[in-house]
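The primary structure of each chain is shown beneath.
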Amino acid sequence: MALKLPEEGISYSVNKHNSRLDFFCDWLEASVIFSDEPLYKSDVVDSLTENGVYLEQDFANAFVDDAWAIVERRFRRLEHTLGIETDAMSFTATKKWTDYPAYSFCVFLSCVGYLYPRSFNKDDYPIVYGIQGSIFEKICHAALTARYPGWVVKRVGWAADNAVKLKDCVNEIIAELFEREGAERELWVDTHANEIGLDLLMYSSFDDNWPCMPVMMIQCASGKDWISKRRTPDLNIWSKVISFNSPPSKGFAMPYAFVDDGEFRKNALIVQGIFFDRYRLIDIKAKNWLPDAVGQEIVDWMTPYVAAIPRLP
């Protein structure tokens, strides 16, 4: 077992499981894809007891069983991409993490934000969040383009590699959707504004030049601050910027995952739109949906960081 236990979310447990199940599941996934050896359930249980997280092996085994079942379902859901061999006692990666860069990128962001936050700090291995966010937007753009054939998907959020001012984006959106300027556009779109929580615009047009078409406005949140971004883009604000003939819908994408549908439902209610977690986003059956250039960008950016993930001697 190559990776050390997470720096966060793993707590001493005697009569109650006190560790974060979501952290632990992500750690299991990372342990499989970022190491060159199979992951055995027995080794995971031994690690928890040897590190003093659990005193009793049977109690530790019960916690691992729950996490193992969740991760096994995740791997099987992406079996067409990952090719990870799963059974009741082990997980074995048959490919390198570089063979499925979009998924690896999403799991790595869990390592950065939740599992090993002290290892990826500004002094040792600084994360350039602007690049991280830009890459995630590109993954979302490619995934949604593949999932919704016939729809137009375009990046409209400001980024270092997409340095378009909000006022110019608004002009393009109005023109492409055949909409009209909103009554309070000038209030929200000034010369200094870069975005209003909108990263991707999706729409399906008709063979006319009229408004009133299916439109989705999407926020792509790649960092731990996704919780504070769940209500963005704010369609109330956008309705002041653009006078939509029919209201658009909202979407929210993030690279993280939930361990049960209850947590998903609670967060989706706050989002009030289509929620793309890690698996909804990456579970694309079409082959080669991620452009080679984006895949290579991911590999180039991630390689030095992957080498820095804390590992056992």
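Bear in mind the structure is a predicted one, so any value in this text is a computation, not a measurement.

We now examine the sheet that holds strand β10 (residues 274-276). Here we have five strands laid out as an open sheet, ordered β4-β6-β7-β9-β10, and mixed in their pairing. At either margin of the open sheet sits one strand with a lone partner, and together these are β4 (152-155) and β10. Along the sheet, successive strands turn relative to each other by an average axial angle of 20°, direction set aside. Sheet topology note: the β4/strand β6 (residues 200-203) ladder contains four bridges and is antiparallel. Following the sheet pairing, Arg155 is matched in β6 by Leu200. Sheet contacts for helix α6 (residues 129-147): β4, β6, β7 (215-220), β9 (249-253) and β10; angle to β4, the most-contacted strand, approximately 175°.

Below, the discussion takes up the pairing of β9. Within β9, four of the five residues are buried, which leaves it mostly tucked inside the rest of the structure. The sheet contact formed by β7 and β9 spans five bridges and is parallel. The partner of Ile218 across the bridge, within β9, is Gly251. Sheet topology places β9 next to β10; three bridges connect them, and they run parallel. Counted as the bridge partner of Gly251 is Ile274 from β10. Handedness of the crossover joining β9 and β10 through helix α10 (residues 261-271): right-handed.

This next bit is on the packing of helix α5 (residues 101-115) against α6. Remark: α5 packs on α6, axes separated minimally by 11 Å, with the N-to-C direction vectors making an angle of 145°. In the crossing of α5 with α6, the sense of the turn from one axis to the other is left-handed. Residues Ala102, Phe105, Cys106, Leu109 and Val112 of α5 form the contact with α6, whose own contacting residues are Tyr129, Gln132, Ile135, Phe136 and Ile139.

Let us look at the side chain of Glu179. Relative to the elements of secondary structure, Glu179 occurs in the loop between α7 (166-177) and β5 (180-181). As a buried residue without a salt bridge, Glu179 has its nearest oppositely charged side chain in Arg180, at a separation of 7.1 Å. Apart from residues lying up to four places away in sequence, Glu179 is in contact with Ile174, Pro211, Cys212, Ile242, Ser243, Phe244, Asn245 and Ser246.

Quick look at the packing of aromatic side chains now. One pass over the full model with this rule turns up 22 aromatic pairs. With 6.2 Å between their ring centres and 85° between their planes, Phe108 and Trp301 make a pair best called edge-to-face. With Phe108 in helix α5 and Trp301 in helix α12 (residues 292-307), this pair connects stretches of sequence that are 193 residues apart. Take Phe108 and Trp301: they sit in the same class, and that class is buried.

In terms of nonpolar packing, the biggest core is built from 88 residues, with Phe24, Phe34, Tyr103, Phe108 and Ile139 touching the most fellow members. In terms of residue count, α5 provides more of this core than any other element does, eleven residues in total. When residues no more than four places from it in sequence are discounted, the contact partners of Tyr103 are Glu29, Ile33, Phe75, Leu78, Leu82, Arg278, Tyr279 and Ile282.

If you walk across this open sheet you meet the three strands as β1-β3-β2, and the pairing is antiparallel. One side of each edge strand has no neighbouring strand; the edge strands of this open sheet are β1 (39-40) and β2 (85-86). Two elements, β1 and strand β3 (residues 90-92), share two bridges in a ladder whose sense is antiparallel. Bridge pairing in β3 places Leu39 opposite Phe91.

Applying the stated criterion across every chain yields a total of zero disulfides. As a non-bridged cysteine, Cys169 has Cys220 as the owner of its nearest cysteine sulfur, 13 Å distant. Assessed through its relative accessible area of 5%, Cys169 is described here as buried.

Turning next to the confidence of the model for the chain. Counting all residues, the mean pLDDT for the chain is 91, and 94% of those residues have values of 70 or more. At the low end of the mean pLDDT range in the chain sits helix α8 (residues 185-188), at 84; at the high end sits helix α1 (residues 21-33), at 97.

With that settled, the discussion passes to unusual backbone geometry. Most peptide bonds are trans, and most residues other than glycine sit at a negative phi. At the junction of Thr232 and Pro233, the peptide bond is cis and its omega measures out at -5° in the coordinates. In this structure, Gln272 takes a positive phi of about 55° despite not being glycine. Looking at the element boundaries, Gln272 is found in the loop between α10 and β10. In this structure, Asn288 is a non-glycine residue whose phi angle is positive, near 55°.

The rules behind these values
Residues numbered from 1 in each chain as written. Predicted model: local features only at pLDDT ≥ 70, side-chain atom pairs only at ≥ 80, totals over all residues. Heavy atoms only, no water. Pairing = 2+ DSSP bridges. Helix = DSSP H or I, 4+ residues; strand = E, 2+ residues; numbered from the N terminus. Axes fitted to C-alpha atoms, helices over the stretch in contact; angles between N-to-C directions. Contact = heavy atoms within 4.5 Å. Buried < 20%, exposed > 50% of the residue type's maximum accessible area, 1.4 Å probe, protein only. Right-handed = clockwise from strand over helix to strand, strands pointing away. Left-handed = near helix turned anticlockwise from the far one by under 90°. Lys, Arg positive; Asp, Glu negative; His and termini not counted. Salt bridge = Lys/Arg side-chain N within 4 Å of Asp/Glu carboxyl O. Phe/Tyr/Trp six-rings, centres within 6.5 Å; stacked < 30°, edge-to-face > 60°. Core = buried A, V, L, I, M, F, W, Y, C linked by side-chain atoms within 4.5 Å. Disulfide = S-S within 2.5 Å. pLDDT = per-residue confidence, 0-100.

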